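Okay, here's what each chain looks like letter by letter:
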Amino acid sequence: MFCEKCGNKLPDGAKFCGGCGAKTEPVQPTNTAAEEPAPARPVAPPPSYTPPAQTAYASQQPPAYSIKPASDPLRVGQYIGMLLLMCIPLLNIILLFVWSFGGSVNLNKKNFARASLILGAIGLILSIVFGAALSSILGELLGGMGGYY
Ligand SMILES: [Zn+2]
């Protein structure tokens, strides 16, 4: 057993080096088993993705309009047509859902539809909340006024 700092020979079991006073640490044989990291936690295999069942025609031959990249910028005419369609009641909601979740929809149109749906949902929730609050306030006011009689 020798000191790691100065190489002084040390008696077995010495805690400190007699030459330099450095604390001695017993040299251990390299224990690879102890340093081996714990085995990684078994990760559940990802669920095998099975594409939704489609007709053979759709899976084999996609429609022609989906060949071009779906992120092409919309033309002005497309925007006009899209916004005009949004003016039609009920049909606009259907179209928004179709565009939002459709497979081969222009990415711009899809994002527009999703944003419109989200805004519409927020507006609906807000109108419900504020409508309920307003009606309750009015109800209290009317009830309080009626209490004087
Ligand atoms: Zn020493």
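The structure we're discussing is the one just above.
Residues numbered from 1 in each chain as written. Predicted model: local features only at pLDDT ≥ 70, side-chain atom pairs only at ≥ 80, totals over all residues. Heavy atoms only, no water.

**Observations concerning the overall build of the protein chain**
Counting its regular elements, the protein chain contains five helices and zero strands. Tracing the protein chain from N to C terminus, the helices and strands come up as α-α-α-α-α. The buried share of the protein chain, reckoned over its 149 residues, is 13%. When contacts within the protein chain are restricted to residue pairs at least 6 apart in sequence, those whose partners lie at least 24 apart make up 25%. As presented, the protein chain carries roughly 12,400 Å² of accessible surface, and 67% of it is formed by carbon and sulfur atoms. (Helix = DSSP H or I, 4+ residues; strand = E, 2+ residues; numbered from the N terminus. Buried < 20%, exposed > 50% of the residue type's maximum accessible area, 1.4 Å probe, protein only. Contact = heavy atoms within 4.5 Å. Areas by Shrake-Rupley, 256 points an atom, 1.4 Å probe, with all protein chains shown as cover.)

**Focus: the coordination of the zinc ion**
Only Cys3 (SG), Cys6 (SG), Cys17 (SG) and Cys20 (SG) from the protein reach the zinc ion as donors, at distances of 2.1 to 2.4 Å. One chain supplies every donor to the zinc ion, and in sequence these donors are spaced C-x2-C-x10-C-x2-C. Taking the relative accessible area as the measure of exposure, Cys17 reaches 4% and is therefore buried. In this structure Cys20 comes out as partly exposed when scored by relative accessible area, which is 40%. (Donors = N, O, S within 2.8 Å, 3.2 Å for Na, K, Ca; no water.)

**So, the environment of Gly21**
Secondary-structure assignment places Gly21 in the segment before α1 (32-35). Each C-alpha atom of the pair Gly21 and Cys6 lies 9.6 Å from the other, and the pair is 15 residues apart in sequence.

**Notes on unusual backbone geometry**
Residues other than glycine seldom take positive phi values, yet Leu90 does so here, at roughly 70°. Note that Leu90 resides in the loop between α3 (76-86) and α4 (91-101). Overall, Leu90 belongs to the exposed group, its relative accessible area being 61%.

**What about the side chain of Lys110?**
For Lys110, the position within the fold is in helix α5 (residues 107-147). Buried within the structure, Lys110 lacks any salt-bridge partner; its nearest side chain of opposite charge belongs to Asp72, at an N-O separation of 15 Å. Sequence-distant contacts of Lys110, that is, excluding residues within four places in its chain, are made with Trp99, Ser100, Gly102, Gly103 and Val105. (Lys, Arg positive; Asp, Glu negative; His and termini not counted. Salt bridge = Lys/Arg side-chain N within 4 Å of Asp/Glu carboxyl O.)

**Quick notes on the side chain of Asn92**
On the secondary structure map, Asn92 appears in helix α4. Engagement of the side chain of Asn92 in a polar contact is seen with the backbone nitrogen of Leu90, the distance being 3.2 Å. Residues contacting Asn92, with those up to four places away along its chain left out, are Leu85 and Met86. (Polar contact = N/O pair within 3.5 Å; in protein donor to acceptor, adjacent residues only side chain to side chain.)

**Considerations on the nonpolar core**
Formed by Leu74, Met82, Met86, Leu95, Leu96, Trp99, Val105, Ala113 and Leu117, the largest nonpolar core amounts to nine residues. Of all the elements in the fold, those that place two or more residues in this core are α3, α4 and α5. Among the elements that make up this core, the one with the highest residue count is α4 (three residues). Each residue touching Leu117, except ones within four places of it in the same chain, is listed here: Leu96, Phe97, Ser100 and Phe101. (Core = buried A, V, L, I, M, F, W, Y, C linked by side-chain atoms within 4.5 Å.)

**Topic: the packing of α3 against α4**
One way to put it is that α3 packs onto α4 with a least axis distance of 8 Å and a crossing angle of 130°. The pairing of α3 with α4 is recorded here as oblique in orientation. Two secondary-structure elements touch here, α3 through Met82, Leu85 and Met86 and α4 through Leu91, Asn92, Leu95, Leu96 and Trp99. (Axes fitted to C-alpha atoms, helices over the stretch in contact; angles between N-to-C directions. Parallel < 35°, antiparallel > 145°, perpendicular 65-115°, else oblique.)

In short, geometric facts, not functional conclusions.
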